[in-house]
Each structure stands twice: as structure tokens, then as C-alpha cells.
Amino acid sequence: MFDFSTVQDKETAAKVFEEAKEFLSLCHFGLQGITRTEDDVRKVVGKLKETKMAPLAFDTEMQFVPMVRELFSDYCCKVRLHCAVSYPMGRLLPASKMHALDRLRAIGVDDVCVCLDWQAVFSGRYKDIENEARQIVEEFQDDFYRVALVIPATLMSDTQIIETCRALDAAGTVSVKVNPGATLGVSFEEVALIRRNFPNRFDIHPSGNIRTLSDVLRYREMGCNNIHTAAALEITDDFIVKKLKEYGGI
Amino acid sequence: MTTILTNIPNYYVSDENCENLYYKAIANQADAVLIGPSSMKTGEKFRGRGVKTCVSISYPAGTASPDLKAQEILDCEDSSGIADMYFVTAAAGYFMSGHEENLREEMRLCAGSVRKPVYFITEAAEMTEEDLEKMCRIACEEKVRGIVTSTAFLPYDVKRATAAEVSRLKRYAHDVLKVAAFGQFHTLDEVEEAENAGADIIILNESCEIVKV
């Protein structure tokens, strides 16, 4: 993480730190996956704590939630915890997704994403998608900071994306996560397509394939304020350097 | 040796793809197919066609809590009677963090939730000998039918299981647990290697080259 003590002008350093804090607060950060151990998670939490900033949410797995909460208990910033449901392919039955969401709500997870049934998406069963989304939205949308429904946009045709979003619109969905990551990365075109067809309708969360500062800035220009990138801390460093160059701090 | 065809690691699965999985299983004389819960409706069309249906639980991450995994089995049972057996992904990372009790709990609850064989999927290549021994011992005690070497889910950045993992698991399975090899099989030689290592079950991705279309 960038060492602000190397900046001679303390006023500039403080200003850039505040801007970087705001920048990271629009990105997710964390660690997920089948073989991740407690030690792996501790290291990543430690890395984040060095920044003295908070991401939009810290992504973790259900069983690590108590440990992560404890690790952040003495931190200078409040950190939301995020968990994914039926990740990444959405193949759980709707009833199982509801049970999982119910549990996450009960253990105090702040933010969630839920993968829609991709088989329904690829088979054009849009009514099923609408029903699944409606069930989730009605029961849980007000209980988390965000309940984002995940679509595999990269694997979908434009028509499938539009029809799926229409189903989500009918179900009252607010947040749509465009791609899950896990090798399926978002593109500017996918976000633009949704924006064009559903102007000011969805809170779009781009995910995957976001590796540079210019990627993040462009998604922000497109109105995305909830960005999933595994490189959140590195990109924040780049943001700091850019800002210091602009203000003459380097 | 039992052969199972599957599409669970594949991202693009439509209703038509799922039907084709069953047709491929019939054409290739596979014993069973392994599908996700959301594919069970398609699977119902193939009831009585000579191909068994295995259903994956908590795939691929396996990070749900033990009772939620058991609940997922119950949800599948409530929704469809098509499953002949279940393949549950274990919370491997949590187990490797020292939470043996969690593995025991998930095995106990899942195996006890249904009168059908329950297998557990893990990432054996990431585990030490001590982990494998412990896992197999708990699986035997909790009446789990068998262990699968890997999720074979390619986006995961994990060490891939090979025939060596079959041999390692066989060492602790004591002829009580079945060992299923699940990985990237490109040739019949690789399948033979897993079989020679003692695999009781081979799980083949339907898209691999050795599956006849």
C-alpha cells in the first residue's frame, strides 16, 4: 500500500488520502473460494487494515464471517461484510437460495449477491427468472445494504441480456451484478447495453476483468458505484499516485 | 468401475444441453449423470431410461454451513424424486484450517438427511496426508459413501487432482469408502491410469474428447 509518509506536503497527503478512501469505498475487496483457509483470510484482512480505509464491502465466505467480524472489531473504519449465494452458476433451487439468504441475514451479513438460475437464463425461461428474482427481492431487498442479482452477461446474447433485465425490472430488482468474476469478466459494452435499454433503472455492479485504474474510472463515468475487482488495493494505489501527480505531491 | 457423465463444472448449461447430457450418457453406456439441482426438472424426463441421476450440493465452493447443505438435500428431495445419490462439496478450506468438527457435522447431517448414498467432493491435491487420513476416517464414521478427488472446476486456482490423489485416498479408504476420480480427462490412457490407481468411479465432463457425441 502507498506510504503517505513519503509525501512532503502533509496537506496534499491528507487530501489525497481522503479521496483514495472515497475511491476504495466504491470497490469490493476480499477473498473467496473453496480452499481458502483462515490464515489466507487473516492475511488479506491484515493487508486491508494497513490501508486504514474501508472497501464498499469485504467479500468472504459464510463460515469465515464470525472470524472476519472479530478481525475488524478494532479497525478504524466500519467494514461491511459481503457473501455470495449460489455462486457462481446459480444452480441451487430457489428454496435453497432463500434458506441461505435467511441465514446470512440472521448472522448479520450486510451485503449479498445471488446468482440467478443460469440454466433458466440460457433456456430463455424469463418468467422463471422473474419469479425467482421477485421472491428474493420481496423477502430480502430491504434487509441488506444491497441484494445484487448476478447475470452471466458475457455468455449471453444482447437479446438474452435485455430479456433477463426486463424480467428483473418486472420483479422490482434494484441491483444487477454483471458477471460473477471467476473468469467471466464484464465489458463496457455490456454495461452500456443495459444502461441504454433501461436508463436510470438499475444499480449496475460490474464484476471481473477489471484490472486497471482506467477501467474503474470508466465504469464510474458510466454511473457504476459498486465495483468488483480483485485488484482493488493495487488500483487504489494507482489512484493515489495519479492524484499526487495532479496535485504536485510527487 | 462406474462411469458418471457430468456438466456441473460447465458455465453454459441450458435445458437442451442438460437433455443432451442424458442422451450422451445413454450413447456412451455411462451409469449415471451428475447434474446441479436446477437441472432436476430436465432429468425427470429421463426417469426409467437406465441412467441414474446424481445431484450436486453446494457446488463448487462448498462454503455453506453444514445444516444448509443438509437443507439443500431436503429441498432437492421436496422438489423432485429424481436424485439417486448426492455429491456434496465439502468446506475444504475451513477443514484445512483445523475445523475437523465442521467436516464431521456436514458429513453427519448430509448423510443422515436422506436414505440415499452421499458422496463428498474435495480438493485432495491441496491436502496433506494427515488431512486425507482424517477426512476418510470421519467419512467412514459418518456413513458417507465415498470421496471425490476434486471439484474439477477450472476457474479455481488450485492444484489439480490426478491419479496420484486416487492412490492417496485409496490408502485411507480401507475398502469402505468409494473413491471417485474427477478431473480433466483428455485421453483413455488418463482414465486407465485413474482406474489402475484404484478409482471406483470416474466422473467425466461431457465436453471431454473421449465422450462420444
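In this text the structure is predicted, and so the values were computed from the model without any measurement. (Residues numbered from 1 in each chain as written. Chains lettered and ligands numbered in written order. Predicted model: local features only at pLDDT ≥ 70, side-chain atom pairs only at ≥ 80, totals over all residues.)

Caption draft 1: Region of the structure containing the packing of helix α5 (residues 100-113) of chain B against helix α6 (residues 129-141) of chain B. Residue and element names in this part refer to chain B. Packing of α5 against α6 brings their axes to within 9 Å, and their N-to-C directions diverge by 35°. Relative to α6, the crossing made by α5 is right-handed. Of the residues in α6, those touching α5 at Glu100, Leu103, Arg104 and Met107 are Lys134, Met135, Ile138 and Ala139. Of the residues belonging to the contact of α5 with α6, the class tally is five nonpolar, no polar and three charged. (Axes fitted to C-alpha atoms, helices over the stretch in contact; angles between N-to-C directions. Helix = DSSP H or I, 4+ residues; strand = E, 2+ residues; numbered from the N terminus. Left-handed = near helix turned anticlockwise from the far one by under 90°. Contact = placed C-beta atoms within 7 Å. Nonpolar A, V, L, I, M, F, W, Y, C, P; charged D, E, K, R; others polar.)

Caption draft 2: Focus on helix α10 (residues 232-247) of chain A. Residues and elements named next belong to chain A. For α10, spanning 16 residues, the distance from its first C-alpha to its last is 22 Å, which sits close to the expected 22 Å at 1.5 Å a residue. By the burial criterion, the buried members of α10 are Ala232, Leu233, Ile235, Thr236, Phe239, Ile240 and Leu244. Buried positions along α10 lie against α1 (10-24), β1 (27-30), α2 (38-51) and α9 (213-221). One or two positions beyond α10, positive phi appears at Gly248, with a value near 80°. (Expected span 1.5 Å × (residues − 1). Buried ≥ 20, exposed ≤ 12 C-beta atoms within 10 Å, placed from the backbone.)

Caption draft 3: Highlighting α1 of chain A. Residues and elements named next belong to chain A. Here α1 is 15 residues long and its end C-alpha atoms lie 21 Å apart, about the 21 Å a rise of 1.5 Å per residue gives. Of all the residues in α1, the buried ones are Val16, Ala20, Phe23 and Leu24. Mapping the buried residues of α1 onto a view down its axis gives an arc of 85°, with all of them on the same face. Seen from the buried face of α1, the exposed residues on the opposite side, beyond 90 degrees, are Lys10, Glu11, Ala14, Glu18 and Glu22. Summarising the contacts, the buried residues of α1 are in contact with β1 and α10. (Arc of directions from axis to C-beta.)

Caption draft 4: Highlighting the interface of chain A and chain B. Taken together, the contact pairs 29 residues of chain A with 35 residues of chain B. Put simply, the parts of the chain that give the side of chain A that touches chain B at least two residues each are α4 (94-106) and α5 (118-122) of chain A. Among the elements that line the side of chain A that touches chain B, the one with the most residues is α4 of chain A, at five residues. Residue composition of the side of chain A that touches chain B, by class: 14 nonpolar, nine polar and six charged.

Caption draft 5: Structural detail: the sheet that holds strand β6 (residues 175-178) of chain A. All names here are of chain A. Pairing within the open sheet is parallel, and its eight strands lie in the order β7-β6-β5-β4-β3-β2-β1-β8. The sheet is open, and its two borders are formed by β7 (203-206) and β8 (227-228), each paired with just one other strand. One ladder, built from four bridges, connects β6 with β7; its direction is parallel. Along β7, the bridge assignment pairs Val178 with Pro206. (Pairing = 2+ DSSP bridges.)

Caption draft 6: Just the pairing of strand β5 (residues 118-121) of chain B, in detail. Residues and elements named next belong to chain B. Here β5 shows no split at all, with Val118 and Phe120 on one side and Tyr119 and Ile121 on the other all buried. Relative to β5, strand β4 (residues 85-89) runs parallel, the two sharing four bridges. In the strand pairing of β5, Phe87 is matched with Tyr119. After leaving β5, the chain enters α6 and then returns to the sheet as strand β6 (residues 146-148), a path that is right-handed. (Right-handed = clockwise from strand over helix to strand, strands pointing away.)

Caption draft 7: Summary view of unusual backbone geometry. With an omega of -5°, the peptide bond between Tyr87 of chain A and Pro88 of chain A qualifies as cis. Relative to the helices and strands, Pro88 of chain A is located in the loop between β3 (81-85) and α4. Cis geometry marks the peptide bond from Tyr59 of chain B to Pro60 of chain B, where omega comes out at 0°. Mapped onto the elements of the fold, Pro60 of chain B is located in the loop between β3 (52-57) and α3 (66-79). The backbone phi angle of Asp175 of chain B is positive, close to 60°, even though this residue is not glycine. Considering the arrangement of structural elements, one finds Asp175 of chain B in the loop between α7 (163-173) and β7 (178-182). By the C-beta count within 10 Å, which is 8 here, Asp175 of chain B ends up exposed.

Nothing here speaks to function; it is geometry throughout.
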